[in-house]
Each structure stands twice: as structure tokens, then as C-alpha cells.
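The chain contents come next:
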Amino acid sequence: MEKINLAKASKITSPNPVALVCTKKPDGSTNLAAVSWYTYLSYNPNMIAYAMAKTSYSGEMVRENKKVIITIPSENIKGIVMGCGMCSGRDTNKIEELGIKMQDLPTSDIKIPVHSAAAIQCNLKEFIETGDHYLYICNVEEVYADYKEKAVFAWDSYSKIASAKEE
């Protein structure tokens, strides 16, 4: 075996999960941020975790508001996923800039993108420092799905967003 770095390992293990984290901004609008890692922690109680850079504006919002919705984008909006990870919601209204159509969930005041394959509504249980990121551990409140939408994944060290296809 050849010794490699972690970034190269992520290419070998593609595809990887990708999600959009939806948080509420102080003005009541929604901010979207792309995250390249989430995992299910427990089904009893329902818990999920995701990681974000310490400098993330969305991370700041979830630490402040204790509420977050993790959405799984579909093929219909794969083009916006990279855009949501390229700038900060602190300075940019990503929804306006990227022309993202949003929808309501019946149990939250945080909106989510139309064409989400799934939406996992959570409250923050705790966050843990993990190097240059925080690991956000969340209690799941509600889960929604749109079975017409096909989920996308990150490929080639997160340089491409596409569905996973069986060959």
C-alpha cells in the first residue's frame, strides 16, 4: 500500500454525503451552507451529527438559535450546492444571489430549498471542537421526504455534485 493524505483518501471513498444546512439569520431569513459530512448517530433517541468549519456563519447561527434543518439536495438543485459553499451568508444573501426557490415546513420557521430529497429538523444538543471544525450533535425533531427527488452526493474530494448510480 502507498501512504497518502486524507484528501486523497476522500477521493477513494467517493461518493460522500452532502447536505445543505438551513439556519435562521437574525433578520428572520434563512441561510444555506453546504456541508460535506453528516451521519446518523442514534435511532433511539433520533440523533444526527454534522461537521462545519469553526468560522462558519451557519455554525454561529445554530449555536445561537439551537435550531437547524439539514436538507439532502436533489439532482434538480445540484448546481446550487457548490454555490452555497463558496461564500458566507454573513455577507451574502445566497437565496437571492443563486435564485433558490424556498418552501416552508409545517413545524419550523426555517425555510428549505424546493427540490430537497429529505429535510431533517433538529435542535442542537451540543457541539464539540474537532480541530478546525466543530461537530454539531443534534436531536432530531421531525423528518420529511420527497420521494420524487433523487439525492446527490459529493464526488472526487467534493469537486463534483452528482447522484450515485449503480453500474
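Structure shown above.
Quick look at the structure, then. Note that this is a predicted model, so its numbers are computed, not measured.

**What to know about the overall build of the protein**
Along the backbone of the protein there are 4 helices and 12 strands. On C-alpha atoms alone, the protein measures out to a radius of gyration of 15 Å, which is about the 15 Å that the 2.2 N^0.38 rule sets for 167 residues. Taken along its principal axes, the extent of the C-alpha atoms in the protein is 50 × 35 × 35 Å. Within the protein, the fraction of its 167 residues that count as buried is 42%. For the protein, restricting intrachain contacts to residue pairs at least 6 apart in sequence, the fraction spanning at least 24 positions comes to 62%. For the protein, the accessible surface area stands at approximately 9400 Å², while carbon and sulfur atoms represent 51% of it.

**Observations concerning the packing of aromatic side chains**
On inspection of all chains with the given rule, the structure shows 5 aromatic pairs. Where Y50 meets Y136, the ring centres are 5.1 Å apart and the plane angle is 15 degrees; that geometry is what we call stacked. Residue Y50 is found in strand β5 (residues 46-53), and its partner Y136 is found in strand β10 (residues 133-145); the two are separated by 86 residues along the sequence. Judged by relative accessible area, Y50 falls into the buried class, the value being 0%. An aromatic cluster is defined as three or more aromatic residues linked by ring pairs; in this entry it consists of Y50, F127, Y134 and Y136. One residue, R63, lies across the ring of F127, its end atom 5.6 Å from the ring centre. When the ring centre of W155 is taken as origin, the NZ or CZ atom of K160, which lies over that ring, is 5.8 Å away.

**Quick word on the nonpolar core**
Counting 20 residues, the largest nonpolar core has I48, Y50, C122, Y136 and C138 as its most contacted members. When residues of this core are traced back to their parent elements, those giving at least two are β2 (19-24), β3 (30-35), β5, β6 (67-73), β9 (116-130) and β10. Setting aside residues up to four positions removed in sequence, I48 forms contacts with Y38, T39, Y40, L41, I70, I120, C122, Y136, I137, C138 and V140.

**What about the sheet that holds β6?**
If you trace the 7 strands from one edge of the open sheet to the other, you get β3-β2-β6-β9-β10-β5-β4, paired in antiparallel fashion. Because the sheet does not close on itself, it has two edges, and the strands there are β3 and β4 (38-43). Within this sheet the neighbouring strands show an average axis-to-axis angle of 35 degrees, counted without direction. Sheet analysis places β9 next to β10, joined by 12 bridges and oriented antiparallel. Note that in β10 the partner of E126 across the bridge is I137. Here helix α2 (residues 57-65) sits on the sheet and contacts β2, β3, β5, β6, β9 and β10; the angle it forms with β2, its principal contact strand, is near 50 degrees.

**Remarks on the pairing of β5**
Judged by how many residues are buried, β5 sits mostly within the fold: 6 of 8 residues are covered. Here β4 pairs with β5 via 5 bridges, running antiparallel. Considered in β5, the bridge of Y40 is made with I48. Once β4 ends, the chain turns through 2 residues before running back antiparallel as β5. Note that β5 and β10 share 7 bridges and pair antiparallel. When the sheet's bridge partners are listed, M47 is paired in β10 with N139.

Procedures and definitions
- Residues numbered from 1 in each chain as written.
- Predicted model: local features only at pLDDT ≥ 70, side-chain atom pairs only at ≥ 80, totals over all residues.
- Heavy atoms only, no water.
- Helix = DSSP H or I, 4+ residues; strand = E, 2+ residues; numbered from the N terminus.
- Rg over C-alpha atoms; globule rule 2.2 N^0.38 Å.
- Buried < 20%, exposed > 50% of the residue type's maximum accessible area, 1.4 Å probe, protein only.
- Contact = heavy atoms within 4.5 Å.
- Areas by Shrake-Rupley, 256 points an atom, 1.4 Å probe, with all protein chains shown as cover.
- Phe/Tyr/Trp six-rings, centres within 6.5 Å; stacked < 30°, edge-to-face > 60°.
- Lys NZ or Arg CZ within 6 Å of the ring centre and 35° of its normal.
- Core = buried A, V, L, I, M, F, W, Y, C linked by side-chain atoms within 4.5 Å.
- Pairing = 2+ DSSP bridges.
- Axes fitted to C-alpha atoms, helices over the stretch in contact; angles between N-to-C directions.

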